[in-house]
Structures are given as C-alpha cells and as structure tokens.
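Inside the fold
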Amino acid sequence: MSQNRLVTMDEFTIQETRKFPQATGELSSLLRDLGLAGKIINKQVRKAGLADGILGAHGATNVQGEEQMKLDVLANDTLIDILKNSNECAGIASEENDNHVCYEDTFSANSKYVVLFDPLDGSSNIDVNAPIGTIFSIYRRVSDLGKPCTEADFLQAGNRLMAAGYIIYGSSTMMVYATRLGVNGFTLEPSIGEFCLSHPNMKVPEDGKIYSINQGNTIKLDDGMKAYLDYCMESNKEEGRPYGHRYIGSMVADLHRTLIKGGIFMYPADKSNAKGKLRLQYECNPMSFIVEAAGGKGHTGYSNVLDVQPTELHQRVPIFIGSKNMVNKVLEFVGEKQTVA
Ligand code: AHM
Ligand code: MG
C-alpha cells in the first residue's frame, strides 16, 4: 500500500483479507458496517451537549438494573439497525437487551456471523464529557445456516472469537480491532469521514508502571487483593514502584491507555460484586481477545478470560488484564481466591 497517503480502514481490511485466498470478504464487510455504526454514534456523541434531550437518563433501567442514558439507547438502536441491513450478520446480542435478537430475513438467516456489543460502555461518563466507547465481538455461528440463530451462537467462549474491537470517543475518535493476525488502530479523519490507519500492529508492553482499579472499593476486597494494592504503592526504586494510579471509570478508555502505555486494569470480585462487575460477553472477552492479540494477558483469577465457557448472556467475571508480567504478578497475590463464576 502507498505510504504517501492515508490508508483507510476499509482498504487495510481488504488488503489483510487478501492474505487468505479462501476468505470471502464477509468479515471485512461486517467490520466496515461496524465502522459505519461507529461514525454515526460518534456524530451523536459529539453533539451530546448541544442536542436537546440527548444527555441525561432515558428513564428506563436495563437488564442489569442500571439507569439507561439516552445516548445508550441511540447507540444500541444504531447498531441493531445497521447490522440488520448488513448481509453478514445473523443476529445480535447487546448489553442493553435482555435476550439476543435474530434477524429473520433470508439474507441474515444465511449469514455466518453473529455480533455481540456493549453499545456505549462507560455511559456514566457522558454527563462529565469523559471518554466512552463501543465494544464489539464477532463469532462464527454454531447453529445451522438458513435457520434463525440460537442462543448457543452467543454463548461461545472467547477463544472462539473471529474478531473483536472497540470504538473510543475520546479527544479523537478511534476504532481498534483485532483478528488473529494482530491489532490495528484507526483514527477518524473528520475531513473525509473515514477511519485511517494510525496505530499499526499494536503491542502491549510486557511490563508497565500504571495500575488501574476503583481503589475506593479497597475495603470490600479480599486480603490477597489488598496485599497487591500495597505492593503497587510500596516504594522499590529498582522495580519502579510505587506505580502510578489511573482510573477513568470507562473500561474502553482505561484499556486503550493500557494497550498503548502498558499497565494493568482490574475489576476484581468484591463483597458487593461476588462475581466481579464487568460482563464476560460484552466487555471482558472482546477486551481480552484484543489484549492477547497484542501480546498481553486477560485473566479472571481462576482461568484465562477467553477460556471461560459462558452459561448466560449477561454473566459477570472478575478481570485482571494488560501487560503480561503485571497480570502474572497480581495472580501470585490473588491465586485461586477470586469467586468462581
Ligand atoms: P457500563 O457498561 O454500565 O457503562 O459499566 C461498565 C463500566 C466500565 O466501563 C468501567 O470500567 C466500570 O463500569 C466502572 O465501574 P465503577 O464505577 O464501579 O468503578
Ligand atoms: Mg459496559
């Protein structure tokens, strides 16, 4: 590809697909559709402070019992609609919907893939203008082609993911996606309305100096976790401690930083969240797939995140994710103590 001009995400994805003679282009087409959804959600996010009624709670509560924000609803509707019009998606599951949705037209029934998403992660950050993001996962369906998809298509372990990614609405808008070939990041160039390759072949540094956790929950943590936090704050010049602490409270933003700078992000089990807070299928699996494809590690405290067999759509797991050496270190402290989902 020419180095003298911007390379769009679509161009890049098509070039990558050509490395596999048997590839049909369906996955590339799905990634393009997700990019389109990202651009539309981005437009809604960017005018959130101005547009009437777009900020603030929608009034309804979602399946997790949390207040839904209006932008959550808009983002969810946008993704459901665009993927319905795509030829490549048999159905979706969303963090905002109780059950999966099967698209029933003939094209969709013959599609190979299903998509899971958290349409707007970190939505409590909307009102304070902090970064938020869309997270997505793509699986090849296990049900028969030609028939409606089934729940089993959405309850596959993360190690069966075909691709996963996120769109971060931060100081710029970026789409990062991972396949088994690696992780690449694309920044939205507003003048041409395209995501353009800006972060090729992303790698998580093996070590880091930043730990990221809601430290206000310390009192609710088990002794192993408390000891690890003491370790992070302890002075040890040779090992570069104390580590810096950063916590945005928006998983996409905290992990985007971790992917670029290294570090560890944690949402462990605690006394209020016996199985952790974050969702396996919408947050932990896609993020672990991305981080592992970039050379890092995602663990629940009792197994690799990607090896957990989901039993329900909205299941939660503890998570320790980021630079490999930092994740291995925290596991020495928490061992098998994390509550098994
Ligand atoms: P959401 O999907 O309802 O937005 O919640 C998930 C968010 C993550 O983005 C973030 O890491 C976490 O919740 C923050 O939780 P807490 O406020 O308990 O620290
Ligand atoms: Mg979320």
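Here the structure is shown first, and the text comes after it.
What comes next concerns the included structure. Just so it is clear, the model here is predicted, and its values are computed rather than measured.

Of the protein atoms, only Asp118 (OD), Asp121 (OD) and Glu283 (OE) coordinate the magnesium ion (ligand 2), at distances of 1.9 to 2.1 Å. All donors of the magnesium ion (ligand 2) come from a single chain, and their spacing in sequence reads D-x2-D-x161-E. Taken together, the positions of Asp121 in strand 5 (residues 113–121) and Glu283 in helix 8 (residues 280–293) put the pair 162 residues apart, joining distant regions of the chain. Glu283 shares its class with Asp121; the two are buried.

By secondary structure assignment, the location of Ser108 is in helix 4 (residues 106–109). Reaching out from Ser108, the side chain makes a polar contact with the side chain of Asp105 at a distance of 2.7 Å. Dropping the residues within four chain positions of it, Ser108 is found in contact with Lys84, Ser86, Cys89, Ala90, Tyr103 and Arg141.

This next bit is on the environment of Asn217. For Asn217, the position within the fold is in the loop between strand 11 (210–212) and helix 6 (223–233). Residue Asn217 is classed as buried on the basis of its relative accessible area, which comes to 12%. With 54 residues separating them along the chain, Asn217 and Lys271 place their C-alpha atoms 9.1 Å apart. Setting aside anything within four residues of it in sequence, one finds Asn217 in contact with Tyr267 and Asp270.

Rules of the game
In this convention, every chain numbers its residues from 1, walking through the sequence in written order. The order in which chains are written sets their letters, starting at A; the order in which ligands are written sets their numbers, starting at 1. For this predicted model, a pLDDT threshold of at least 70 governs which residues receive local features, and a threshold of 80 or more governs which side-chain atom pairs are given and counted, while totals over whole chains, interfaces and linings are taken from all residues. Side-chain figures throughout are based on the complete set of non-hydrogen atoms in the structure, without hydrogens or water. Atoms are scored as donors when they are N, O or S and lie within 2.8 Å of the metal, with 3.2 Å used for Na, K and Ca; no water is included, so coordination may look incomplete. Runs of E in the DSSP output that reach at least two residues are strands. Runs of H or I that reach at least four are helices, and both are numbered from the N terminus. Each residue is assigned to one of three classes by its accessible area relative to the maximum for its type, calculated with a 1.4 Å probe on protein chains only: buried under 20%, partly exposed between the two thresholds, exposed over 50%. Under this definition, polar contacts are N or O atom pairs within 3.5 Å; protein pairs additionally need one hydrogen-donor-capable and one acceptor-capable atom, and for neighbouring residues in sequence, both atoms have to be side-chain atoms. Residue contacts follow a heavy-atom distance rule, with two residues in contact if any of their heavy atoms lie within 4.5 Å.

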